[in-house]
Amino acid sequence: MAEGQAQQQGLDAGSKGNGAALPISIGHALPYFLPLAIYPLLVNASLLGGWWIAIPFVFAAFAGQLDPLFGTERRSAELNPARNPAGHSALIWYKLPLWLWAALWPPTLAFALWQMLVAGHLSPWEILFMAVTLAAAAQGIFIVGHELVHQRTTWERRLGEILLASASYPHYATEHVYIHHALAGTPSDSGSAHKGQDFWSYFGTELKANLTGAWRLERERLARRNLPTWHPTNPFWRYLAATAFWYALAYSMAGAWAVLPYAALSLCVILSMKLINYVQHYGLRRLRLPNRRYEKMQPHHAWSASHRFSNWRLFNAPRHPDHHTVDNRRYPLLQHTGEAEAPQLPGTYAAMAWLAMRPRAWFRKMDPLVDQCRARFQPQIGDWSTYDSPALAARPEAFETITELRRAAPRLAEWTNRTPELLDCLSAKEFTDLYLPDGFGPDAQFESIARRGLARLYWTIELGVEEMKEQIDDIPARGVRETIEGVRHWLNGKCFQVGVHTLRGNLSPLEAETALTNLAEAAMAAVLSTVEEDFDRRAPDGGLAVVALGDLASRQATPCVRFDILFVHQGESDGYYEVLAGRFLHALRELSRESLLFAPFPATPAAEKRAQAVHSVKAFSEHHRWVGSSVELLELTRARCLHVAGDSAIEKRFDQAKSDVLLLGTTADRLIAELREDAGGTDEPGPMTTESMPGGLWDIERAARCLQLTLGRDQGRIGAQRADALLDTAVERHLIPEDAGQRLVETYKLYRCLRGAQRLVIGEGRDMESAEPGIKSAIAQTCGMDDFEALTAAIPKTAAQATADLAMLW
């Protein structure tokens, strides 16, 4: 009586009132006895074998094909809890087939296993066919077990656990009732597949999450009662005992070889259950509210099906929306939820399960239906990308951060989808200590300045290359492969932190260049040092210099920075340095894979050819003095030794050789003349053309390299300075007018900011002008502009002024 009253309160609250007040009788309950027909068929097949086995197989596997004969429901033809007040205490005719199915399965399964493994009258092919038949028939385990573990009576829940244990999945009793029903339709629920998630990736994730989630929940429940984890009241004792019984039974019948087939049988049953779970919730999400909670579960958060025969055969499981609306409602009282209240599956459960195993076909069929459902039931949400992101499924607590990245930095958002662990870096003390909470200062401007000051101090001064190397040394790794994997993971996490700081205005793109360069140098040094240590050949006298070109050399690393390197050695190598350089190349190629900082190596065929050519210092000098092209000579103006193997004196020898190549003879004059001839871009000014337009980045860069060669003659050496530093030096030396030099420096910094912001936010080569408004705004603000319109208006004016200023230099 108490059970009926408690259920009645919940049932009346959730009733739709759309069913008839039918009298409770065996006649109305009779269709639900249909699933029991499998038992005499299984017993007969076990005893007789042969083609008799086909009868229960066809019944279990293909009964769903009869759905068209019985039609679909337009309303609930069964009991309505609002109109049958006495129904909860008088549902015996509906409860009976459920109890009978649960009670008959264990002895029937044991009998069938005996006939297959012990009796000896079945041939191998009959045993195999019988095992397939049992797997098909056992799909009812989760239908019936699911219904039983939801009941209030203890004996029914225990019966459900025993039933689920026969398929090696008794912890479902904990996970489904206490986790799935609380979190269904949210990213925290592994059982609610997000849009775009295929079944096979869902299956593995769900298996793991079910077990770990159930264990964690039971452990926490015991902890709240101040009880140890393995207290006798922990239901996992029952789960283990019930599951062990079935494996012990299989072992006792046919020895160890029978255990694995039984596990395979259980896996097939679990697979069928997870297919149903996948179908029931695919792509449907509850909305996140401003208070960071999710909206109440509604019928439109689960897929409904209205096939009458399937409802009889599956104890109304297709009426899933109503089950989630009132989860303690017994199956005969579940109401059919029509199109006005819930999305409808386009086929039967059997057809949809088969479709789900073919991801491409599934997505073609279901994704448009998911979109239609969202537009109909949740029109207030225009952008579902956060809800559909794999990152949210892996890190549901990071909703706000994922939303921020998807709206403003799609490149970072794509990385979090591939590697959700990156989001954990934002919870590390290293990040949170720099990102002060709102409200700590007198106003927002003060807080912004304080945050930027902390981030700038840490990433550009405190955390230098040596400090980064110390952090890498603490990474547990043995050998080159493990070192590369550990350094790549460390590097991606640090770059992600720098990227988020930059996106939020805590670092400027120019400050980020310094941080990213330090990260690149520390990562390369750690990997190359490990390769050198692992190289078992005796090193000759001399050394090998790993020389970087381009942005990495001038300490201007941005996301997608290229590995453009060359190797120079001193001394007789006898092939040693060539082999070592090859190993260095392989290690750097591996480090650049799946890297948030480095572009894939090599970036170009020319870079590959250059990296593979290992020159002595003498051969390097002769090549560039007599054979090297103007492009190669220009590249040398930004060349810097990043790593040395062997004698460290090779670094000084290389720097001297580079300076000699560029400054002695007529090389500098020839290069300056060619740079002046190439001055002046051809593209129209705009955010996408700042590199190649007149007065653009490359024009300023070329002018700075001309000044570098001029200054180098006075100093007797060529460094690898940034263009803005060269312009500042030229102003100090009175080589260019002060006002023009300052304007060019500011223009160059703007272009570099824009380049860094573009690579950070959307990636290299993507169109900014067609990007979403939030992305444009993020790029503009990162560049110090109020909005993207202000940025696009400033570029032509800045370029025109830069063209005029450069004309004074040429």
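Since this is a predicted model, take the numbers as computed values, not measurements.

A. Main features of the overall build of the chain. For the chain, the count of helices and strands is 37 helices and four strands. Computed over its C-alpha atoms, the radius of gyration of the chain comes to 35 Å, more than 25% above the 28 Å expected for a compact globule of 810 residues. C-alpha atoms of the chain, sized along the principal axes, occupy 105 × 60 × 55 Å. Taken over 810 residues, the chain has a buried fraction of 54%. Accessible surface, the chain as shown: approximately 34900 Å² in total, 56% of it carbon and sulfur.

B. Layout of the packing of aromatic side chains. The tally for this structure, following the rule as stated, stands at 36 aromatic pairs. With 5.9 Å between their ring centres and 70° between their planes, F142 and Y169 make a pair best called edge-to-face. Of the two residues, F142 is situated in helix α8 (residues 140–149) and Y169 in the loop between α9 (154–165) and α10 (172–183); the sequence distance between them amounts to 27 residues. These aromatic residues form a ring-pair network of at least three members: F199, W200, Y202, F203, Y278, Y282, W362 and F363. Its guanidinium or amino end placed over the ring of Y178, R221 lies 4.8 Å from that ring's centre, counting from NZ or CZ. The ring of W415 has R418 lying over it, and the distance from NZ or CZ to the ring centre is 4.1 Å.

C. Inspection of a negative patch on the surface at higher detail. A cluster of acidic residues, E462, E467, E470, D473 and D474, forms a negative patch at the surface. Broken down by element, the residue count for the negative patch peaks at three residues, all from helix α24 (residues 465–473). By the secondary structure assignment, D473 is in helix α24. A residue is classified by how much of its surface remains accessible, and D473, at 62% relative accessible area, is exposed.

D. Representation of the sheet that holds strand β2 (residues 565–570) within the structure. One open sheet holds the four strands; their spatial order is β3-β2-β1-β4, and the pairing between them is mixed. In this open sheet, the two edge strands, each paired with only one partner strand, are β3 (614–616) and β4 (639–646). Geometrically, the sheet is characterised by an average inter-axis angle of 30° between neighbouring strands, direction not taken into account. The pairing of strand β1 (residues 543–549) with β4 spans seven bridges and is classified as antiparallel. Paired with A545 across the two strands is V644, which belongs to β4. Relative to β4, helix α26 (residues 509–534) is tilted by about 25°, and along the sheet it contacts β1 and β4.

E. Summary view of the pattern of salt bridges. Taken as a whole and judged by the stated rule, the model has 33 salt bridges. Between R288 and E400 there is a salt bridge whose closest N-O contact spans 2.9 Å. On the criterion of sequence distance, the pair formed by R288 in the loop between α13 (259–281) and α14 (308–313) and E400 in helix α20 (residues 399–408) is long-range, its members being 112 residues apart. Judged by relative accessible area, R288 falls into the buried class, the value being 16%. With a closest N to O distance of 2.6 Å, D322 and R329 form a salt bridge. Taken together, the salt bridges that share partners define one network made up of E513, D551, R638, E691, R722, D724, R752 and R755.

F. Geometry of the confidence of the model for the chain. Summary statistics for the chain give a mean pLDDT of 88 and a share of 94% for residues scoring 70 or more. Mean pLDDT values over the elements of the chain span from 40, in helix α1 (residues 2–14), up to 96, in helix α17 (residues 359–377). Under a pLDDT of 50 for its full length, residues 1–22 has, in the predicted model, 59 contacts with residues more than four places off or in other chains.

G. Structural context of the side chain of Q335. Inspection of the secondary structure puts Q335 in the loop between α15 (320–325) and α16 (349–356). Within the structure, Q335 has its side chain in polar contact with the backbone oxygen of L333 (distance 2.7 Å).

H. Highlighting helix α29 (residues 617–627). Of the positions making up α29, those classed as buried are V617, F620, S621 and H624. The arc that holds the buried residues of α29, viewed along the axis, is 95°, so those residues lie on one side. For α29, the exposed residues set more than 90 degrees away from the buried face come down to K618, W626 and V627. Taken together, the buried residues of α29 touch β2, β3, α30 (630–636) and α31 (649–663).

I. Fine view of the packing of α16 against α17. Where α16 contacts α17, the two axes come as close as 7 Å, and the packing angle between them is 125°. By the angle between their directions, the pair α16 and α17 is classed as oblique. Counted together, M352, L355 and A356 of α16 and P359, A361, W362, K365 and M366 of α17 form the full contact between these two elements. For the contact of α16 with α17, a count of residues per class yields seven nonpolar, no polar and one charged.

J. Focus on unusual backbone geometry. A positive phi angle, close to 50°, is found at F315, a residue other than glycine. Of note, F315 is situated in the loop between α14 and α15. Classification of F315 as buried rests on a relative accessible area of 5%.

K. Region of the structure containing the pairing of β1. β1 sits mainly inside the fold: seven of its seven residues count as buried. Side-chain alternation along β1 places G543, A545, V547 and L549 on one buried face and L544, V546 and A548 on a second face that is also buried. Where β1 meets β2, six bridges bridge the pair, whose relative direction is antiparallel. The partner of G543 across the bridge, within β2, is Q570.

L. Broad picture of the packing of α20 against helix α21 (residues 410–418). At a minimum axis separation of 6 Å, α20 and α21 run at an interaxial angle of 135°. On the basis of the axis angle, α20 is oblique to α21. Two secondary-structure elements touch here, α20 through L405, R406 and A408 and α21 through P410, L412, A413, T416 and N417. Here the contact of α20 with α21 is composed, by residue class, of five nonpolar, two polar and one charged.

M. Structural detail: the environment of E677. Structurally, the position occupied by E677 is in helix α32 (residues 667–677). Separated by 406 residues in sequence, E677 and L271 have C-alpha atoms that sit 70 Å apart.

N. Up close: the side chain of H307. Its location among the elements puts H307 in the loop between α13 and α14. Excluding anything up to four places from it in sequence, H307 contacts D67, G71, T72, G347 and T348.

O. Just α32, in detail. Looking only at α32, the buried set comprises T667, A668, L671, I672 and L675. Take α32 and look down its axis: the buried residues cluster within an arc of 125°, on one side only. Of the surrounding elements, those touching the buried residues of α32 are α30, α31 and α33 (697–715).

Analysis parameters
The residue count restarts for each chain, going from 1 along the sequence in the order it is written. Whole-chain, interface and lining totals are the exception, using all residues; otherwise, since this is a predicted model, local features are given only for residues with pLDDT of at least 70 and side-chain atom pairs are given and counted only at 80 or more. Hydrogens and water molecules were not included; the side-chain quantities draw on all heavy atoms of the structure. Strands are runs of DSSP state E lasting at least two residues, helices are runs of H or I lasting at least four, and both sets are numbered from the N terminus onward. Only the C-alpha atoms count toward the radius of gyration. The rule for a globule is 2.2 Å times the residue count to the power 0.38. The rule is simple: take the accessible area with a 1.4 Å probe, protein chains only, and divide by the maximum for that residue type; under 20% is buried, over 50% is exposed, in between is partly exposed. For the accessible areas, the method is Shrake-Rupley and the probe is 1.4 Å, while residue cover comes only from the protein chains on display. Pairing of aromatic side chains requires ring centres within 6.5 Å, counting the rings of Phe and Tyr and the six-membered ring of Trp. Pairs whose planes differ by under 30 degrees are stacked, by over 60 edge-to-face, and all others tilted. A ring is scored as having a charge over it whenever the NZ atom of a lysine or the CZ atom of an arginine sits within 6 Å of its centre and within 35 degrees of its normal. Patch construction takes residues with relative accessible area above 30% that form no salt bridge. Like charges are linked within 9 Å, and nonpolar side chains (Val, Leu, Ile, Met, Phe, Trp, Tyr) are linked within 5 Å. Salt bridge, as applied in this entry: a Lys or Arg side-chain nitrogen positioned within 4 Å of an Asp or Glu carboxyl oxygen. When charges are counted, Lys and Arg contribute as positive and Asp and Glu as negative, whereas His and the chain ends are disregarded. In this description, the location of a charge corresponds to atom NZ of lysine, CZ of arginine, CG of aspartate or CD of glutamate. Pairing between strands requires that DSSP locate at least two bridges from one strand to the other. Here, axes are lines fitted to C-alpha atoms. For helices the fit covers the stretch in contact, and angles between N-to-C directions go from 0 to 180 degrees. Residues are treated as being in contact if the distance between any of their heavy atoms lies within 4.5 Å. Confidence scores here are pLDDT values: one per residue, from the predictor, ranging 0 to 100. Any pair of nitrogen or oxygen atoms within 3.5 Å is treated as a polar contact; in protein, a donor-acceptor pairing is required on top of that, and neighbouring residues in sequence qualify only through side-chain atoms on both sides. When we speak of the arc, we mean the arc of directions from the helix axis to the C-beta atoms. For classification purposes, angles smaller than 35 degrees are called roughly parallel, those larger than 145 roughly antiparallel, those between 65 and 115 roughly perpendicular, and all remaining angles oblique. Under the scheme applied, nonpolar residues are Ala, Val, Leu, Ile, Met, Phe, Trp, Tyr, Cys and Pro; charged residues are Asp, Glu, Lys and Arg; polar residues are all the others, including Gly.

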